[in-house]
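# Structural features, examined
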Amino acid sequence: MSTTIELGVQGMTCAACVNRVERGLKKVDGVEEANVNLATERAVVTFDPEKTTPQALIEKVKDIGYEAVVSELELPVSGMTCANCVSRVERALKKQQGVLSASVNLASERATVQYLPTTVSPAQLKQAIRDAGYEVIEAQSGAQQEDAEKAARELEVKKLRSSLTIAAVFSVPLFFLAMAPMLYMPFEMWLMDTLGHWGDIMVMNVLMLLLATPVQFGPGMRFYRGGWKALKHRSPDMNTLVMIGTTAAYAYSVVATFFPAIFPSNTAHVYFEASGVVITLVLLGKYFEAIAKGKSSEAMKKLLSLQAKSARVIRGGQEMEVPVDDVRLMEQILVRPGEKIPVDGEVLEGQSFVDESMITGEPIPVEKTAGSKVTGGTINQHGVLTFKATRIGADTALAQIIKLVERAQGSKPPIQGLADKVVAVFVPIVLGIATLTFLAWLIFGGDNALSLALVHTVAVLIIACPCAMGLATPTSIMVGTGKAAELGVLFKNGEALEMLQKADIVAVDKTGTLTMGKPTLTDFVVQPDFNERDVLALVASAEKPSEHPVAEAIVKGAELRGVDLIKADAFHAVPGFGLEATVSGHKVQVGADRYMGKLGLDVSSFGGQAQGLGSEGKTPLYAAVDGKLAAIIAVSDPIKASTPEAIKALHSMGLKVAMITGDNKNTAEAIGRQLGIDQVLAEVLPSGKADAVKTLQEQGKVIFVGDGINDAPALAQADVGLAIGTGTDVAIETADVILMAGDMRGVPNAISLSTSTLKNIKFNLFWAFAYNIILIPVAAGVLQSSLGWSLSPVLAAAAMGLSSVFVLTNALRLRSFRPPVKVQDAQKVQKATQPLQV
């Protein structure tokens, strides 16, 4: 069986790095797939564990020239008594996916674990020890394990800042010495008189050499290390281009300084400022890029900040505060007003209102009483709640949300394929163009041929660094999916984010999607030879074992009318039709008109009532007792107040809205007219919903919106499946997108965000490609003879750095995205109108 792990990879600077890591990992025997994301600095690798190991993958990443993020954790373990205990704990830890090594010391009672923080968490490691039968002792300080990736990123920013400072200290005076004489002739004359010559050697050249050398072999060494490793693996990247370009300028200048006689008269120019200032400007661009990358993951930081750090548990009748990682399943937890609910659970005692806006996007607090579900990360507002923990650690809704967002941020949408194909051949092509540029200027450059050849070649190498190409898509995906999470929309992958904005039709399930999903009994009419109260008692008794919302409505309606229920025997559900049960010796069958038809019963005697109920938007059902048609029943399901607003927003986007429902045609069409739905597919059995979606796909790309459980086949069939529900629905596997809030307004918001994100990506890609297409010929000097336009290596470096910063800044604009249907607008609608009765 294949295994998938995530590796944090440090040191990548451009799209060529991404390709190099991907190709390197794919060469490892047993690796089936490897996807690397520059923005998240992660590699997702699927491999055969019988052929390779995570350690081998890490060694490969190091061999290629990068660093894999590995963390180490020491855990105090109690309860061990012998070597067998040590072996058991070690085996339990090593079984965890992402654990590289585990060593347990019996004398010190400590377990030392090396692991991949992107694949396994400290909480999971602690739970593995507990599952093996031992206890983990928390440190007195209760300090949280530092996030390894965050620490590595902060260290990289710190290193870049230090390198940039050193480079700038030497490069600024170097640039001044090189440029000032060109701008002010008297200054050049003063310098020549002051510094003079040592024989044939100009003292000013030596001074510039002394300033350029610390930059070239100090901060510039990072480009040598990365560039040389890239060349060794025959996969040149940004580091290679900078290394070759600056070394050529530096080496040429050294020769021109000490051996000027080998050049034609007055052509021994030096370009120390090109090498030194280029390195400084590239570092400046990398520094700004690193800072912007940190900002692009701002939404993830917000999600992580929602997690509670500690919990107040009740153990042995005593309250005690423990780290949230130490909470155990089914343990009782006390939450006071203003505190975060630490994990998912079920309320045992108390009454309060909980702010769930950070999970669902709903601003109105939700009432919680005994039996209510609570979600970790939400905030208890008023009363005191005692609840039992039903989900902890990686199983909580918030942990699953974070995992989904991370997975989406690390995925590649189809549009990225274009950039990947170009980048795969881009650097080799640039090296070819640089070689041709050098030869062309050497042959046709006249007296200053060698000097001009060098300057233009270096400019080509520097301007062509493909950083912007590599960042164009992943940064937009990171910011877009992060913003979506803030709005209560979870994308499972980048493909769903791209496909959503291509949709032509939005198909929706009715119950629980357009409506509240809580039907109520409105009408109950019996045939003349039946007693209404007796038939209602039989029907409600037959429905009681069922968990269907309509069954609950009938039972509740009977109880409100004071009807006594009887225990049903031989209960049997008929999917898509109705149910059958035996109550007090009577055979009771309840269902839609198609069920009565299947039983051979004619419902035309209720034709008038059925038509009237359908025109009112009510769903008519029928009951048969002992093989005879006995009653017509009507239930209604209130339409969610925000549904009309959501449908209006979809129409304003130019989308058609279709409803797929099992209701009879009259009822379904009445609801369709009421909501302004374009196409109604009625009387569709649950098994036929996927076929209904196929029918709609003949008209264009289809989004299907459902509850993600009964609608699983339709969600899978649609071009994009959207599951609508609460935070506990994040585990739905069939949907591509999950809407945390329980209404339709998330649909236009998700589509609008998808459209904005794809526009952002396309603009980034256009800028990245156009920048290179336009400026490489200028850097090569193609326009110098005709228009006098040229590009110095210094300006090339500045432009290259700015292109990456521009792409990142453009991606960050998505943080200011405003949804077309605002939460507060939907709430105004809800307050202003009573729920519509269907």
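Please read these numbers as outputs of a predicted model, since none were measured by experiment. Along each chain, numbering runs from 1 in the same order as the chain's sequence is written. Two thresholds apply to this predicted model, a pLDDT of at least 70 for residue-level local features and 80 or more for giving and counting side-chain atom pairs, whereas whole-chain, interface and lining totals are computed over all residues. Hydrogens and waters are ignored; side-chain quantities use all the structure's heavy atoms.

## Describing helix 19 (residues 532-543)
What counts, and what does not: Numbering of helices and strands runs from the N terminus, with a helix taken as a DSSP run of H or I at least four residues long and a strand as a DSSP run of E at least two residues long. In this scheme, a helix's expected span is set at 1.5 Å multiplied by one less than its residue total. For the exposure calls, accessible area comes from a 1.4 Å probe over protein chains only, and a residue counts as buried if that area is under 20% of its type's maximum, exposed if over 50%, partly exposed in between. The definition of a polar contact used here is a pair of N or O atoms within 3.5 Å, where within protein one atom must be able to donate a hydrogen and the other to accept one, and adjacent residues in sequence count solely through side-chain atom pairs.
Compared with an ideal rise of 1.5 Å per residue, which puts 12 residues at 16 Å, helix 19 spans 16 Å between its outermost C-alpha atoms and is within 8% of the ideal. In terms of residue burial, helix 19 counts as a mostly covered element, since 9 of its 12 residues are buried. By the burial criterion, the buried members of helix 19 are Val535, Leu536, Ala537, Leu538, Val539, Ala540, Ser541, Ala542 and Glu543. Measuring from the backbone nitrogen of Arg533 back to the side-chain oxygen at the start of helix 19 gives 3.0 Å, which picks out Asn531 as the cap.

## Some remarks on the UniProt feature "transmembrane region" (unreviewed entry) in the protein
Condition: UniProt positions are given in the numbering used here, feature names are shortened, and annotations may be inferred rather than shown by experiment.
Sites flagged by UniProt as "transmembrane region" (unreviewed entry) map to residues 163-184, 196-217, 238-263, 269-288, 422-444, 450-473, 763-783 and 789-812. Across residues 763-783 one finds 86% helix and 0% strand; the C-alpha atoms that close the span lie 27 Å apart. Across residues 789-812, helical content stands at 83% and strand content at 0%; the span's end C-alpha atoms are separated by 33 Å.

## Thoughts on the packing of aromatic side chains
As a reminder of what qualifies: By convention, a stacked pair of Phe, Tyr or Trp rings (six-membered ring in the case of Trp) has centres within 6.5 Å and planes under 30 degrees apart, an edge-to-face pair has planes over 60 apart, and any other such pair is tilted.
Going through the model one piece at a time under the given rule, you end up with 8 aromatic pairs. Geometrically, the ring pair formed by Phe217 and Tyr224 is stacked, given 5.9 Å between the ring centres and 20° between the ring planes. Judged by its relative accessible area of 42%, Phe217 falls in the partly exposed class. Seen in terms of ring centroids, Phe606 and Tyr622 are 6.4 Å apart; in terms of plane orientation they differ by 40°. Their pairing is tilted. Within this pair, whereas Phe606 is found in the loop between helix 21 (593-598) and helix 22 (607-615), its partner Tyr622 is found in strand 26 (residues 619-625), the two being separated by 16 residues in sequence. Residue classification places Phe606 among the buried positions, given a relative accessible area of 2%. Relative accessible area serves as the criterion here: at 3%, Tyr622 is assigned to the buried category. Cluster of aromatic residues (ring-pair linked, three or more members): Phe217, Tyr224, Tyr250 and Phe272.

## Considering the pattern of salt bridges
The condition is simple: By definition, a salt bridge exists where a carboxyl oxygen of Asp or Glu is found within 4 Å of a side-chain nitrogen of Lys or Arg.
Under the definition given, this model contains 16 salt bridges. For Glu319, the salt bridge is made with Arg336, and the minimal N-O distance between the two is 3.2 Å. Pair noted here: Glu319 is in strand 12 (residues 318-323) and Arg336 is in the loop between strand 13 (332-335) and strand 14 (344-349), with a separation of 17 residues, a long-range link. Taking the relative accessible area as the measure of exposure, Glu319 reaches 43% and is therefore partly exposed. Between Lys689 and Asp509 there is a salt bridge whose closest N-O contact spans 2.8 Å. One end of the pair, Lys689, is in helix 25 (residues 689-697); the other, Asp509, is in strand 21 (residues 505-509), with 180 residues separating them in the sequence. Accessibility expressed as a relative area gives 10% for Lys689, which makes it buried. A network of salt bridges, in which partner residues are shared, links Arg130, Glu135, Arg315, Asp326, Arg328 and Glu331.

## Some points on the nonpolar core
Worth spelling out the cut-off: Remark: nonpolar core denotes a set of buried residues (Ala, Val, Leu, Ile, Met, Phe, Trp, Tyr, Cys) joined through side-chain atoms within 4.5 Å.
One finds Leu7 and Phe491 to be the most contacted residues of the largest nonpolar core, which totals 117 residues. In terms of residues, this core owes the most to one element, helix 27 (residues 746-780), which gives 14 residues. Core analysis: the second largest hydrophobic core is formed by 28 residues, Leu521, Ala537, Ala542 and Leu579 among them.

## Some details on the environment of Gln784
The test is simple: Residues count as neighbours in contact if any of their non-hydrogen atoms are within 4.5 Å of one another.
Checked against the element boundaries, Gln784 lands in helix 28 (residues 784-787). Residue Gln784 is classed as partly exposed on the basis of its relative accessible area, which comes to 26%. Not counting residues up to four positions away in its chain, the partners in contact with Gln784 are Trp441, Leu452, His456, Trp789 and Ser790.

## As for a positive patch on the surface
To keep things clear, this is the line we draw: Like-charged residues are merged into a patch within 9 Å and nonpolar side chains (Val, Leu, Ile, Met, Phe, Trp, Tyr) within 5 Å, provided each residue has over 30% relative accessible area and no salt bridge. Calculation of accessible area relied on Shrake-Rupley with a 1.4 Å probe; when residues are assessed, cover is drawn exclusively from the protein chains displayed. Two residue types count as positive, namely Lys and Arg, and two as negative, namely Asp and Glu; His and chain ends fall outside the count. By convention, charge coordinates are those of NZ in Lys, CZ in Arg, CG in Asp, or CD in Glu.
A cluster of basic residues, Lys159, Arg225, Lys229 and Lys232, forms a positive patch on the protein surface. A per-element tally of the positive patch places helix 8 (residues 221-232) first, with 3 residues. Examined against the element boundaries, Lys229 turns out to sit in helix 8.

## Some points on unusual backbone geometry
Positive phi outside glycine occurs at Ala570, with the angle close to 50°. When you line up the elements, Ala570 lands in strand 23 (residues 568-574). One non-glycine residue, Ser584, lies in the positive phi region at around 50°. Tracing the chain through its elements places Ser584 in the loop between strand 24 (578-583) and strand 25 (586-591).

## Here we look at the packing of helix 8 against helix 9 (residues 238-258)
Just so we agree on the cut-off: Lines fitted to the C-alpha atoms define the axes, with helices restricted to the stretch that makes contact. Angles between their N-to-C directions range from 0 to 180 degrees. If you view the pair so one helix is near and one far, a crossing is left-handed when the near helix is turned anticlockwise from the far one by less than a right angle, and right-handed when it is turned clockwise. Any residue that is not Ala, Val, Leu, Ile, Met, Phe, Trp, Tyr, Cys, Pro, Asp, Glu, Lys or Arg is counted as polar, Gly included; the first ten are nonpolar and the last four charged.
Following both chains from N to C, one finds helix 8 and helix 9 inclined at 115°, their axes separated by 7 Å at the closest point. In the crossing of helix 8 with helix 9, the sense of the turn from one axis to the other is left-handed. In this structure, helix 8 contributes Arg222, Phe223, Tyr224, Gly226, Gly227, Trp228, Ala230 and Leu231 to the contact, and helix 9 contributes Met238, Asn239, Thr240, Val242, Met243 and Thr247. Its residues assigned to classes, the contact of helix 8 with helix 9 comprises 8 nonpolar, 5 polar and 1 charged.

## Some details on the sheet that holds strand 25
Worth spelling out the cut-off: In short, DSSP must find at least two bridges between two strands for them to pair.
Spatial strand order, 22-27-26-25-24-23: 6 strands in an open sheet with antiparallel pairing. Unpaired on one side and paired on the other, strand 22 (520-526) and strand 23 mark the two borders of the sheet. Looking at each pair of strands side by side, their axes are set apart by 20° on average, direction ignored. Here 7 bridges tie strand 26 to strand 27 (residues 628-636), and the two strands are oriented antiparallel to one another. Paired with Thr619 across the strands is Val635, a residue of strand 27. Sitting on the sheet, helix 22 touches strand 22, strand 26 and strand 27, and the angle it makes with strand 27 is about 10°.

## Considering the pairing of strand 15 (residues 352-355)
It is a general feature of regular strands that their side chains alternate between the two faces of the sheet. Pairing of strand 15 with strand 16 (residues 366-368) involves 3 bridges; the strand directions are antiparallel. The residue bridging Phe353 from the neighbouring strand is Glu367, located in strand 16. The pairing of strand 15 with strand 18 (residues 379-380) spans 2 bridges and is antiparallel. Looking across to strand 18, one finds that Val354 is bridged to Asn380.

## Some words on a nonpolar patch on the surface
Side chains of Leu439, Leu442, Ile443, Phe444 and Leu450 sit close together on the surface and give an oily, nonpolar patch of about 510 Å² of accessible area. Tracing the backbone through its elements, the reader meets Phe444 in helix 14 (residues 416-444). For Phe444, a relative accessible area of 69% corresponds to the exposed category.

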